[in-house]
Amino acid sequence: MKPNTRKNEIIKTAATLFKDKGYSAVTMRDIAKAMGIKAASLYNHINSKQDILKAIIISLAEEFTLGMETIKASQVNSIEKLKQIISMHINITSRNKAGMATLNNDWMHLEDQLEYYLKLRVNYEDNLRDIIRQGILNNEILNDNLEVLLFSLLSTLRSLYIWIPLEDNLNEIELSQSLSNVLINGIKN
């Protein structure tokens, strides 16, 4: 957990504004107003709105990348890896819904870090694809349409920030088990 510094407060406030209005519509003045400070004061802690966007998106992308690498390297079967990935998404999203909205909706506004972000994203998707492929090869996963499975998992996991209950007492374990059951076992009886 990052210490609660002024810079982190600025990033958190900006993430909420980006989620509500979109990155392009938010100004540094909007961020300052939301924090109850003068816009010039922001520059004591952060260089630009672009730096805030990078801090939000790159930190989340790197957290997902590290988690995926750890899960992929583990010695459990593909189904267990998929359950761990679902759990990781729930955990990260529940801690940072506004940041996840920014990651999903505003990544294309990254400037000098766009190529790096896209590399992380492609590697993440490739690792997930490899886990699904291995599950198909090991007859752990019956449906052999790898791209449909990948799309179904990713679209659900990437949009969790929209759906995760708003209450603070979210039971991540229960949600992870329930979501894993639906995404992995399907909906039929």
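Rules and cut-offs
- Residues numbered from 1 in each chain as written.
- Predicted model: local features only at pLDDT ≥ 70, side-chain atom pairs only at ≥ 80, totals over all residues.
- Heavy atoms only, no water.
- Helix = DSSP H or I, 4+ residues; strand = E, 2+ residues; numbered from the N terminus.
- Buried < 20%, exposed > 50% of the residue type's maximum accessible area, 1.4 Å probe, protein only.
- Contact = heavy atoms within 4.5 Å.
- Salt bridge = Lys/Arg side-chain N within 4 Å of Asp/Glu carboxyl O.
- Phe/Tyr/Trp six-rings, centres within 6.5 Å; stacked < 30°, edge-to-face > 60°.
- Lys NZ or Arg CZ within 6 Å of the ring centre and 35° of its normal.
- Core = buried A, V, L, I, M, F, W, Y, C linked by side-chain atoms within 4.5 Å.
- Axes fitted to C-alpha atoms, helices over the stretch in contact; angles between N-to-C directions.
- Parallel < 35°, antiparallel > 145°, perpendicular 65-115°, else oblique.
- Left-handed = near helix turned anticlockwise from the far one by under 90°.
- Nonpolar A, V, L, I, M, F, W, Y, C, P; charged D, E, K, R; others polar.

1. Concerning the side chain of Thr 102
Working step 1: Its location among the elements puts Thr 102 in helix 6 (residues 97-106).
Working step 2: Overall, Thr 102 belongs to the buried group, its relative accessible area being 0%.
Working step 3: The contact partners of Thr 102, leaving out residues within four places of it in the chain, are Ala 15, Phe 18, Lys 19, Leu 53, Ile 56, Ile 57 and Trp 107.

2. Regarding the environment of Glu 111
Working step 1: Here Glu 111 is to be found in the loop between helix 6 and helix 7 (114-137).
Working step 2: Glu 111 sits 14 residues away from Lys 97 along the chain, and the two C-alpha atoms are 23 Å apart.

3. So, the pattern of salt bridges
Working step 1: For the coordinates displayed, the defined rule picks out eleven salt bridges.
Working step 2: Residues Lys 72 and Asp 130 are paired through a salt bridge, measuring 2.9 Å at the closest nitrogen-oxygen approach. With Lys 72 in helix 4 (residues 49-73) and Asp 130 in helix 7, the pair connects residues that are 58 residues apart, well separated along the chain.
Working step 3: For Asp 130, a relative accessible area of 31% corresponds to the partly exposed category.
Working step 4: Among the charged side chains, a salt-bridge network with shared partners connects Asp 51, Lys 54 and Asp 112.

4. With respect to the packing of aromatic side chains
Working step 1: All told, the structure shown has three aromatic pairs when counted by the stated rule.
Working step 2: With centroids separated by 5.1 Å and ring planes inclined at 75°, the aromatic side chains of Phe 18 and Tyr 23 adopt a geometry described as edge-to-face. Assigned by exposure class, Phe 18 and Tyr 23 land together as buried.
Working step 3: Aromatic pair Phe 64 and Tyr 124: ring centres 6.1 Å apart, planes at 80°, arrangement edge-to-face. Taken together, the positions of Phe 64 in helix 4 and Tyr 124 in helix 7 put the pair 60 residues apart, joining distant regions of the chain. Of the two residues, Phe 64 and Tyr 124, neither departs from the other in class, the shared state being buried.
Working step 4: The aromatic ring of Tyr 23 is capped on one face by Lys 49, whose charged end is 4.2 Å from the ring centroid.
Working step 5: Seen from the ring of Trp 107, Arg 121 lies directly overhead, with NZ or CZ sitting 5.2 Å from the centre.

5. As for helix 6
Working step 1: Across the ten residues of helix 6, seven count as buried, placing the element largely inside the fold.
Working step 2: Residues of helix 6 that are buried include every one of Ala 98, Gly 99, Met 100, Ala 101, Thr 102, Leu 103 and Asp 106, and no others.
Working step 3: Against the buried residues of helix 6 lie helix 1 (6-21), helix 4, helix 5 (78-95), helix 7 and helix 9 (160-163).

6. Re the nonpolar core
Working step 1: Phe 18, Ile 31, Ile 52, Leu 82, Ile 85, Leu 128 and Ile 132 are the most contacted members of the largest nonpolar core, which totals 55 residues.
Working step 2: In terms of residue count, helix 4 provides more of this core than any other element does, ten residues in total.
Working step 3: Setting aside its immediate chain neighbours within four residues, Leu 128 contacts Met 68, Leu 82, Ile 85, Leu 150 and Leu 154.

7. Regarding the side chain of Glu 125
Working step 1: Its location among the elements puts Glu 125 in helix 7.
Working step 2: Look past the residues within four positions of Glu 125 in its chain and what remains in contact with it is Leu 150, Leu 154 and Arg 158.

8. Details of the packing of helix 4 against helix 5
Working step 1: At a minimum axis separation of 10 Å, helix 4 and helix 5 run at an interaxial angle of 160°. With respect to their mutual orientation, helix 4 and helix 5 come out roughly antiparallel. Crossing hand, helix 4 versus helix 5: right-handed. Here Leu 60, Glu 63, Phe 64, Gly 67, Met 68, Ile 71 and Lys 72 of helix 4 lie close against helix 5, whose contacting residues are Lys 81, Gln 84, Ile 85, Met 88, His 89, Ile 92 and Arg 95.
Working step 2: Here the contact of helix 4 with helix 5 is composed, by residue class, of seven nonpolar, three polar and four charged.

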